[in-house]
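# Observations on the three-dimensional arrangement
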Amino acid sequence: MKTTALPPATPVTSGLPDQQRKLVTPIPGPRSRVLHEQRAAALPPGLSNVVPVFVERAGGGIIVDVDGNHLVDLASGIAVTSVGASAPEVVTRVQEQVAKFTHTCFLVTEYQGYVDVATWLNEHAPVPGEATTALFSTGAEAVENAVKIARAATSRPAVIVFDNAYHGRSLFTLAMTAKDRPYKDGFGPFDAHVHRAPYAQQLRWPGDPAQATPDALAELQSLLNRVGPETVAAIVIEPVQGEGGFIVPAPGFLRGVQSIARQHGIVLVADEVQAGIARTGRLFASEHDGLEPDLVVTAKALGGGLPLAAVTGRADIMAAARVGGLGGTYAGNPVACAAALGVFEIIERDGLVERAAAIEQHVIAALQPVIEASGVVAELRGHGAMMAIELVRPGTLEPDPEAAVRIARACHKRGVLLLVCGTFGNVIRLLPPLVIDGALLDDGLQVLADAIWDET
């Protein structure tokens with residue numbers, strides 16, 4: 001397996017598990033199986049599970065389960081633990097904050113951590129002009145609040161989203177999310193003011209792939225003509241689609257969407273819940289295509305493992321919500337804010353934006369030869385440490401979700417944790433912590449390469 005040199009991660013000598021894959025039992029092990037039986041008895045079946053192992057500790061690029069197995073983490077808790085699951089800077093700040101106070105509700109009495117997190121986001125988010133930030137607890141909550149703000153700023157009801165989109169599991173964001181099963185099935189009816197436009201994905205564009213951008217933009221304008229642009233408050237778009245399959249849009253598409261939104265006075269919202277905070281080799285994924293959204297939504301990696309989300313946007317638009325119209329009991333919790341400040345420190349000090357870009361090149365060098373020879377992969381795509389492999393039946397573009405599941409399970413059995421996603425369930429996604437050791441990443445990629453070979 002050919003790889004490129006990956007710059008070493010900043011060493012941490014204490015507190016982290018041994019950064020090597022190690023299996024001492026089958027996956028899942030006996031203790032995990034017992035605990036999983038207790039889980040099944042106590043929890044409803046609607047809560048799914050990828051790998052039935054129970055975690056004892058985690059850090060760097062390793063998860064240690066209750067049976068003592070060391071698993072290579074190529075999931076990061078779905079892009080959350082980008083700086084690792086127990087980064088000392090995050091742990092120390094959280095411990096110090098917990099010792100002072102765990103909660104007051106920022107809407108009742110204020111604290112500096114909230115302001116510091118907002119200030120950092122205001123300074124770094126790619127929104128034009130002066131920015132302000134409101135903090136929330138989850139990505140779906142922040143997406144909904146971005147829509148609230150856009151509606152308040154425009155006095156319009158409608159929202160446009162895109163094919164393959166994922167924006168959350170709350171009732172309103174389910175209307176915005178594209179995939180029916182397992183997310184939407186049985187939970188309707190949904191908000192009728194949500195409209196869907198095509199996303200310029202070249203691989204599966206029904207016409208000439210080179211025309212994906214102009215064709216998709218023409219379809220977006222046609223949709224606006226049908227619903228009336230004067231009724232549309234917001235266009236909400238993922239600069240890189242997450243759950244939909246890590247789809248990178250065709251060149252120029254994002255800027256074209258921005259131009260159409262500006263033309264009609266529509267608030268452009270970038271959902272960077274999964275792609276933001278250094279994950280794609282830019283601090284924000286919008287930067288890859290020169291996008292300057294009016295509002296940016298962040299979450300996941302923002303809180304370093306604690307629940308924290310944000311809407312950062314143009315100050316004039318953010319000011320449209322009346323006093324008392326934004327917030328929540330736990331929104332911008334002080335402990336989560338302390339964790340976020342630790343995340344910011346690590347990203348800046350250790351150059352994690354650049355390291356994410358280096359991980360992309362490392363993954364390509366490791367997997368591209370295997371993929372080209374296998375005949376079962378349609379595309380290796382993504383940015384930074386947000387990479388994906390789309391599985392298809394040989395010689396076609398017919399999705400092969402069964403192959404994706406087989407590959408994922410083979411990796412799980414050998415101690416490598418990765419996830420499946422995509423509208424058709426046929427995409428293997430790679431989300432390693434940005435601090436993963438290079439040798440450990442090589443080991444995980446070799447296990448994945450072997451599993452791909454077994455499909456040929």
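Structure report, in brief. (Residues numbered from 1 in each chain as written. Predicted model: local features only at pLDDT ≥ 70, side-chain atom pairs only at ≥ 80, totals over all residues. Heavy atoms only, no water.)

Helix and strand counts for the protein come out as 14 helices and 15 strands. Relative to the compact-globule value of 23 Å for 456 residues, the protein shows a C-alpha radius of gyration of 22 Å, a close match. Along the longest, intermediate and shortest principal axes, the C-alpha atoms of the protein span 60 × 60 × 45 Å. Looking at the protein residue by residue over its 456 residues, the buried ones come to 57%. For the protein, the proportion of contacts with a sequence separation of at least 24, taken over those separated by at least 6, is 74%. Of the roughly 18,400 Å² of accessible surface on the protein, 54% is carried by carbon and sulfur atoms. Within the protein, the 48 negative side-chain charges are centred at a point lying 4 Å from the centre of the 35 positive side-chain charges. (Helix = DSSP H or I, 4+ residues; strand = E, 2+ residues; numbered from the N terminus. Rg over C-alpha atoms; globule rule 2.2 N^0.38 Å. Buried < 20%, exposed > 50% of the residue type's maximum accessible area, 1.4 Å probe, protein only. Contact = heavy atoms within 4.5 Å. Areas by Shrake-Rupley, 256 points an atom, 1.4 Å probe, with all protein chains shown as cover. Lys, Arg positive; Asp, Glu negative; His and termini not counted. Charge placed at Lys NZ, Arg CZ, Asp CG, Glu CD.)

Enumeration over the complete set of coordinates arrives at nine aromatic pairs. Here Lys 184 stacks its cationic end above the ring of Phe 190, 5.4 Å away from the centre of that ring. (Phe/Tyr/Trp six-rings, centres within 6.5 Å; stacked < 30°, edge-to-face > 60°. Lys NZ or Arg CZ within 6 Å of the ring centre and 35° of its normal.)

What follows deals with empty space enclosed by the protein. The tally for this structure, following the rule as stated, stands at one cavity of 30 Å³ or more. If you add up the space inside the largest cavity, you get close to 40 Å³. Considering the residues around the largest cavity, the lining is formed by Asn 164, Ala 165, Tyr 166, Thr 177, Ala 178, Lys 179, Tyr 183, Glu 243, Gly 244 and Thr 423. Across the lining of the largest cavity, the residue classes break down as four nonpolar, four polar and two charged. (1 Å grid on protein atoms, 1.4 Å probe; cavity = no way out; pocket = protein on both sides within 12 Å on 5 of 7 lines; lining within 4 Å. Points joined across faces, edges and corners; volume = space filled by probe spheres on them. Nonpolar A, V, L, I, M, F, W, Y, C, P; charged D, E, K, R; others polar.)

Next up on the list: the pairing of strand E15 (residues 427–430). The side chains of a regular strand alternate between both faces of the sheet. Side chains Val 427 and Arg 429 of E15 all project onto a buried face; the interleaved residues Ile 428 and Leu 430 project onto the opposite face, where all are buried too. Looking at chain direction, strand E12 (residues 386–391) and E15 are connected through four bridges and run antiparallel. Bridge pairing in E15 links Met 387 to Leu 430. Across three bridges, the pairing between strand E14 (residues 419–421) and E15 is antiparallel. Across the sheet, residue Leu 419 finds its bridge partner in E15, namely Arg 429. (Pairing = 2+ DSSP bridges.)

In this section: the pattern of salt bridges. Applying the stated criterion across every chain yields a total of 20 salt bridges. Here Asp 294 and Arg 314 are joined by a salt bridge, their closest N and O atoms 2.9 Å apart. Note that Asp 294 is positioned in the loop between strand E8 (267–271) and strand E9 (295–298) and Arg 314 in strand E10 (residues 309–314), a separation of 20 residues in sequence. Residue Arg 393 is joined to Asp 400 by a salt bridge in which the shortest nitrogen-to-oxygen separation is 3.1 Å. Looking at Asp 400, the relative accessible area reads 7%, which means it is buried. (Salt bridge = Lys/Arg side-chain N within 4 Å of Asp/Glu carboxyl O.)

Here we take up the sheet that holds strand E13 (residues 416–417). Sheets are built from strands paired through backbone hydrogen bonds, the pairs being either parallel or antiparallel. Taken together, the four strands give an open sheet; going across it, the order is E1-E2-E3-E13, and neighbouring strands pair in mixed fashion. The open sheet has two edge strands, strand E1 (55–59) and E13, and neither has a second partner.

Turning to the nonpolar core, a few remarks are in order. Formed by 130 residues in total, the largest nonpolar core has its most connected members in Phe 253, Leu 367, Ile 389, Ile 428, Leu 430 and Leu 448. If we skip the residues at most four places from it in the chain, Ile 428 touches Met 387, Ala 388, Ile 389, Leu 391, Ala 404, Ile 407, Ala 408, Leu 418, Leu 419, Val 420 and Leu 448. (Core = buried A, V, L, I, M, F, W, Y, C linked by side-chain atoms within 4.5 Å.)

In this section: the side chain of Asn 145. Among the structural elements, Asn 145 can be located in helix H5 (residues 139–154). Here Asn 145 falls in the buried class, since its relative accessible area comes to 5%. Those residues in contact with Asn 145 that lie beyond four places of it in its chain are Phe 136 and Leu 326.

The subject of this paragraph is the sheet that holds E12. Taken in spatial order, the four strands line up as E11-E12-E15-E14 in an open sheet, and their pairing is antiparallel. Since the sheet does not close on itself, it has two edges, and those belong to strand E11 (377–383) and E14, each with one partner. Across the sheet, the mean angle from the axis of one strand to that of its neighbour is 25°, orientation sign disregarded. Strand contacts of helix H12 (residues 352–374): E11, E12 and E15, with the helix running at about 175° to E11, the strand carrying the most contacts. The sheet contacts of helix H13 (residues 401–413) involve E12, E14 and E15, and relative to E15 the element is tilted by about 40°. (Axes fitted to C-alpha atoms, helices over the stretch in contact; angles between N-to-C directions.)

A separate point is unusual backbone geometry. Look at the link from Arg 181 to Pro 182: it is a cis peptide, with omega at 10°. When you line up the elements, Pro 182 lands in helix H7 (residues 180–184). Residue Pro 189 is bonded to the preceding Gly 188 through a cis peptide linkage, with omega at 5°. With respect to the element layout, Pro 189 can be found in the loop between H7 and strand E6 (194–197). The residue Asn 164 is not glycine, and still its phi comes out positive at about 70°. Within the secondary structure, Asn 164 sits in the loop between strand E5 (158–162) and helix H6 (171–176).

This brings us to helix H11 (residues 334–350). In an α-helix, one full turn covers 3.6 residues, which means residues spaced three or four apart are oriented alike. Taking 1.5 Å as the rise per residue, H11 with 17 residues should run 24 Å; its terminal C-alpha atoms sit 24 Å apart, in good agreement. Of all the 17 residues making up H11, 14 are buried; the element is thus mostly covered by neighbouring parts of the structure. Regarding H11, its N-cap is Asn 333, as a side-chain oxygen of that residue lies 2.8 Å from the backbone nitrogen of Val 335 further along. (Expected span 1.5 Å × (residues − 1). Polar contact = N/O pair within 3.5 Å; in protein donor to acceptor, adjacent residues only side chain to side chain.)

Our focus in this paragraph is the packing of H12 against helix H14 (residues 438–453). Remark: H12 packs on H14, axes separated minimally by 10 Å, with the N-to-C direction vectors making an angle of 25°. In terms of orientation, H12 lies roughly parallel with respect to H14. You can see that H12 and H14 cross each other, and the crossing is right-handed. For the pair H12 and H14, the contacting residues are Arg 355, Ile 359, His 362, Val 363, Ala 366, Leu 367, Val 370, Ala 373 and Ser 374 in the first and Gly 438, Leu 441, Asp 442, Leu 445, Leu 448, Ala 449, Ile 452 and Trp 453 in the second. (Parallel < 35°, antiparallel > 145°, perpendicular 65-115°, else oblique. Left-handed = near helix turned anticlockwise from the far one by under 90°.)

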